[in-house]
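Analysis of the macromolecular model
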Amino acid sequence: MPALYLLAAVVGAVWPNGQSGGGQGDVIVHLVPGPIHYDFLLPADERTRAVFGFAQAAQHPGARWIVVGWGARGFYTATGDYTDLRADVIWQAATGDQSVMRIDVAGQLPEEVARKVLHLTEAEYERLLTVIRGDFAEERPISGAGLSATDQFFAARGRFHLFRTCNVWVAEVMTQAGLRFGRWTPAPFAVTLSAWVFQG
């Protein structure tokens, strides 16, 4: 079964979603891999800060980028890297869990930080913002949840499970924003592959 899942991830990563956008605009967005999943890094300009105005994390004066991700509540809010993994939270995430959105900020990115640079048009970026903002179910942060000194978690729409992971969410956002990408990317390597195939 694990081998079939991984094979399906490869197929899903290279199966085009039918969209055609991305790669030709002036708005820079980063897809940045973490130990477990990918995040979007959005420019911390006035437009983006206004969209996430309810989040104190997004208003940090020194921010160059606003970091946004989606994931399982039990897993995401307690798992910074692989050393934090526990069998119970893995099982809960795989079988179904409530989802959360995370917002954090970043400064100037060092050259050695791995990333995929997306070049979006103004219209594509507006759609991307609308899609991501729409996945926040509440504007009040979850008390006591955080992986850094600056991040916040919020209740999100949809449930997390083995076939709709945080990395699948990345592909869904790309598709809804009209950007060319793979149809199903359940693991970080699938996002990496899809970004390489479809976004240059």
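For the structure itself, consult the block above.
Note that the structure is predicted; figures quoted are calculated from it, not measured.

Rules used in this analysis
- Residues numbered from 1 in each chain as written.
- Predicted model: local features only at pLDDT ≥ 70, side-chain atom pairs only at ≥ 80, totals over all residues.
- Heavy atoms only, no water.
- Helix = DSSP H or I, 4+ residues; strand = E, 2+ residues; numbered from the N terminus.
- Areas by Shrake-Rupley, 256 points an atom, 1.4 Å probe, with all protein chains shown as cover.
- Core = buried A, V, L, I, M, F, W, Y, C linked by side-chain atoms within 4.5 Å.
- Buried < 20%, exposed > 50% of the residue type's maximum accessible area, 1.4 Å probe, protein only.
- Contact = heavy atoms within 4.5 Å.
- Expected span 1.5 Å × (residues − 1).
- Arc of directions from axis to C-beta.
- Phe/Tyr/Trp six-rings, centres within 6.5 Å; stacked < 30°, edge-to-face > 60°.
- Lys NZ or Arg CZ within 6 Å of the ring centre and 35° of its normal.

1. A word on the overall build of the protein
Tallying secondary structure elements over the protein gives seven helices and six strands in all. Along the chain direction, N to C, the helices and strands of the protein fall in the order α-β-β-α-β-α-α-β-β-α-β-α-α. By element, 57% of the accessible surface of the protein is carried by carbon and sulfur atoms, the whole surface being about 9,600 Å².

2. Describing the nonpolar core
Formed by 44 residues in total, the largest nonpolar core has its most connected members in Phe 40, Leu 42, Phe 52, Ile 103, Leu 128 and Ile 132. For this core, the element with the highest residue contribution is helix 6 (residues 166-176), accounting for six residues. In this structure, Leu 128 is in contact with Val 29, Phe 40, Leu 42, Leu 120, Val 173, Ala 177 and Leu 179, ignoring residues within four places of it in sequence.

3. A look at helix 1 (residues 2-14)
In this model helix 1 runs 19 Å from its N-terminal to its C-terminal C-alpha over 13 residues, within 8% of the 18 Å that 1.5 Å per residue would give. For helix 1, every residue scored as buried is listed here: Tyr 5, Ala 9, Gly 12 and Ala 13. Looking straight down helix 1, one finds that the buried residues subtend no more than 100 degrees of arc, so they occupy a single side. Seen from the open side of helix 1, the exposed residues pointing more than 90 degrees away from its buried face are Ala 3, Leu 4 and Leu 7. Against helix 7 (188-198) lie the buried residues of helix 1.

4. Considerations on the packing of aromatic side chains
Scanning all chains against the criterion turns up 10 aromatic pairs. Seen from their ring centres, Phe 54 and Phe 154 are 5.3 Å apart, and the 90 degrees between their planes marks the pair as edge-to-face. Placement of the pair is Phe 54 in the loop between helix 2 (46-51) and strand 3 (65-72) and Phe 154 in strand 6 (residues 152-160), with a sequence separation of 100 residues. Taking the relative accessible area as the measure of exposure, Phe 154 reaches 0% and is therefore buried. Taking NZ or CZ as reference, Arg 183 lies 4.7 Å from the ring centre of Trp 15, over its face.

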